[in-house]
Amino acid sequence: MRLIQACLIAISMYSKIPVPRVEWKEKNMKYAMCFFPVVGVVTGICMYLAGTFLLRYTSCGPLFLGAALTLIPILISGGIHLDGLMDTADALSSYADREKKLAILKDSHAGAFAVLWMGCYLLWSTAVYSEVNVEMLPCLACVFVLSRALSGLSVVTFQTAKDSGLLKTFQDGAQRKTVGAVMILWILAAVCLLAWMDVQMCIAAAVCAGVTFVYYRHMSRVKFGGITGDLAGYFLSLCELFTVTGMVLAGGGIWN
């Protein structure tokens with residue numbers, strides 16, 4: 001029962017998927033982060049089904065396909081991760097000291113750089129997804145599990161920048177060793193499935209996701225003194241975008 005409640009907490013927190021309301025308690029918070037990649041599973045399945053339908057059963061053009069596949073993850077997540085991307089964009093672009101950057105992350109207003117970064121992100125995402133073909137869809141679906149597993153791993157292994165906040169709540173309530181082990185299992189499962197389907201795209205995904213993860217750890221420590229919920233959203237957004245980009249380039253034959 002506690003695991004079911006933990007799963008419902010993770011889904012309700014990180015998506016707009018309707019689930020029964022569960023009270024946040026210490027007992028069911030311990031393993032909530034273990035189920036974060038479940039949202040990625042749902043997103044991946046929706047992406048696969050929508051992409052297959054549009055490519056096989058409609059006459060839509062690449063632009064329509066790219067826009068649709070860009071919007072689906074946003075609709076499922078409710079844009080929670082892109083909020084972190086925008087806040088982090090403003091903080092990084094301020095070139096202020098650490099304390100000022102952390103204050104900007106908490107500011108609910110979107111600055112000019114946040115809007116600019118979001119426009120570039122959506123444009124890039126639409127362009128990348130417009131190059132997707134039917135054969136790539138099963139591999140691309142795995143990206144949403146991989147990115148969330150890496151994000152969950154960072155929550156229980158990286159230093160936090162603040163002693164308060166939603167991410168700190170999840171970190172303090174988590175059974176860290178168990179969550180970390182489960183996240184590694186999720187990562188291995190996603191990578192093994194990718195390797196089984198297409199070795200070339202698996203390598204592209206592993207390299208792009210790994211490089212983004214290393215950058216995230218270094219940047220968060222140097223610029224902010226650790227991670228926050230906004231930085232976790234920033235990482236997940238970039239990880240998905242860069243990984244899909246690498247896979248599309250690999251799938252398109254650029255490494256052949």
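I will try to describe carefully the structure that is included in this document. (Residues numbered from 1 in each chain as written. Predicted model: local features only at pLDDT ≥ 70, side-chain atom pairs only at ≥ 80, totals over all residues. Heavy atoms only, no water.)

## Details of the state of the cysteines
Within this structure, the stated rule accounts for zero disulfides. With no disulfide partner, C120 has as its closest neighbouring cysteine sulfur the one in C208, 19 Å distant. Left without a disulfide partner, C239 is nearest to the cysteine sulfur of C208, which lies 8.9 Å away. For C239, a relative accessible area of 1% corresponds to the buried category. (Disulfide = S-S within 2.5 Å. Buried < 20%, exposed > 50% of the residue type's maximum accessible area, 1.4 Å probe, protein only.)

## Description of helix 1 (residues 2-14)
With 13 residues, helix 1 ought to run about 18 Å at 1.5 Å a step, and its terminal C-alpha atoms sit 18 Å apart, in line with that. For helix 1, the full list of buried residues reads A6, C7, L8, I9, A10, I11, M13 and Y14. (Helix = DSSP H or I, 4+ residues; strand = E, 2+ residues; numbered from the N terminus. Expected span 1.5 Å × (residues − 1).)

## Quick notes on the layout of surface pockets
Considered as a void within the structure, the second largest pocket measures approximately 200 Å³ in volume. Surrounding the second largest pocket, 14 residues form its lining, P138, A141, C142, V145 and L193 being those nearest its centre. For the lining of the second largest pocket, the secondary structure elements donating two or more residues are helix 3 (36-57), helix 8 (137-157) and helix 10 (176-197). (1 Å grid on protein atoms, 1.4 Å probe; cavity = no way out; pocket = protein on both sides within 12 Å on 5 of 7 lines; lining within 4 Å. Points joined across faces, edges and corners; volume = space filled by probe spheres on them.)

## Topic: the pattern of salt bridges
According to the stated counting rule, one finds one salt bridge in the structure shown. A salt bridge links R148 to E240; the shortest N-O distance between them is 2.6 Å. One end of the pair, R148, is in helix 8; the other, E240, is in helix 12 (residues 229-251), and 92 residues separate them in sequence. Like E240, R148 is buried. (Salt bridge = Lys/Arg side-chain N within 4 Å of Asp/Glu carboxyl O.)

## A closer look at empty space enclosed by the protein
Applying the stated criterion across every chain, the model contains one cavity of 30 Å³ or more. One number sums up the size of the largest cavity: a volume of about 190 Å³. Lining the largest cavity are 18 residues, with T70, P73, I74, Y121 and E240 positioned closest to its centre. For the lining of the largest cavity, the secondary structure elements donating two or more residues are helix 4 (62-77), helix 5 (80-94), helix 7 (112-129), helix 8 and helix 12. A class-by-class count of the residues in the lining of the largest cavity yields 11 nonpolar, five polar and two charged. (Nonpolar A, V, L, I, M, F, W, Y, C, P; charged D, E, K, R; others polar.)

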